[in-house]
Amino acid sequence: MANDGFSAEERAAMKERAAELRAEAKREKGAAKAAAELQDVLDAIAKLNDDDRPLATKVHELVTAAEPRLAPRTWYGMPAYALDGKVVCFFKSAGKFEGRYCELGFNDPAKLDDGSMWPTVFAITAIGPAEEKAITALVTRAVG
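Description of the structure in this document.

What counts, and at which threshold
- Residues numbered from 1 in each chain as written.
- Predicted model: local features only at pLDDT ≥ 70, side-chain atom pairs only at ≥ 80, totals over all residues.
- Heavy atoms only, no water.
- Helix = DSSP H or I, 4+ residues; strand = E, 2+ residues; numbered from the N terminus.
- Rg over C-alpha atoms; globule rule 2.2 N^0.38 Å.
- Buried < 20%, exposed > 50% of the residue type's maximum accessible area, 1.4 Å probe, protein only.
- Contact = heavy atoms within 4.5 Å.
- Lys, Arg positive; Asp, Glu negative; His and termini not counted.
- Charge placed at Lys NZ, Arg CZ, Asp CG, Glu CD.
- Pairing = 2+ DSSP bridges.
- Phe/Tyr/Trp six-rings, centres within 6.5 Å; stacked < 30°, edge-to-face > 60°.
- Lys NZ or Arg CZ within 6 Å of the ring centre and 35° of its normal.

Some details on the overall build of the protein
The secondary structure content of the protein amounts to 4 helices and 5 strands. Listing each helix as α and each strand as β along the protein from the N terminus yields α-α-α-β-β-β-β-β-α. Computed over its C-alpha atoms, the radius of gyration of the protein comes to 15 Å, within 12% of the 15 Å expected for a compact globule of 144 residues. Across its three principal directions, the C-alpha atoms of the protein cover 45 × 40 × 35 Å. The 144 residues of the protein split such that 34% are buried. Residue pairs in contact within the protein that sit at least 24 positions apart in sequence constitute 46% of those at least 6 positions apart. Here the protein contributes 20 positively and 23 negatively charged side chains, and the mean placements of these two sets differ by 4 Å.

Quick word on the pairing of strand S3 (residues 86–92)
Burial runs high along S3: 5 of the 7 residues are buried. By the bridge criterion, 4 bridges tie strand S2 (residues 78–83) to S3 in an arrangement that is antiparallel. Looking at the pairing, Ala-82 lines up with Val-87 of S3. The hairpin formed by S2 and S3 contains 2 residues between the paired strands, and Asp-84 there has a positive phi angle of roughly 55°. Of the pairings in the sheet, the one linking S3 to strand S4 (residues 102–106) comprises 4 bridges and is antiparallel in character. Its bridge partner being in S4, Cys-89 is matched across the sheet by Phe-106.

A short note on the packing of aromatic side chains
Taken as a whole and judged by the stated rule, the model has 3 aromatic pairs. Considering the side-chain rings of Phe-106 and Phe-122, the 6.1 Å spacing of their centres and the 85° angle between planes classify their relative orientation as edge-to-face. With Phe-106 in strand S4 and Phe-122 in strand S5 (residues 121–124), this pair connects stretches of sequence that are 16 residues apart. Overall, Phe-106 belongs to the buried group, its relative accessible area being 5%. One Lys or Arg, Lys-92, reaches over the ring of Phe-97 and ends 5.2 Å from the middle of that ring.

Distances and angles like these do not, on their own, reveal function.
Below is the structure:
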């Protein structure tokens with residue numbers, strides 16, 4: 001196969017996203033859809049390696065507690081949290097993409113603007129009390 005510029009992991013993530021979109025189109029609406037999407041997130045977390053799973057679990061707990069309006073769903077096979085159908089924040093596994101650290105990222109709908117430049121992705125290697133407080137504050141601010 002010709003080198004298209006994407007790694008095997010990136011190609012796999014794109015295939016997962018396509019499958020997510022197909023599943024989303026077939027899903028019922030309302031509470032059944034929300035329950036199915038939550039289960040998708042829990043399943044995605046369960047599939048992570050032993051190093052990343054506890055971090056993803058804790059991020060999931062913190063995000064859903066900090067901002068109940070965010071709807072859990074998968075995005076490129078990773079746990080993500082959406083408001084009005086748009087992904088606000090997401091967890092990216094280090095193991096899945098052969099990275100050095102996991103990431104908590106924020107997309108355009110996140111209201112993190114701070115002047116002309118601000119961070120939108122945060123490396124996570126451990127979550128203690130300080131990180132719990134920071135993640136909770138970021139998620140709360142992101143939703144506004």
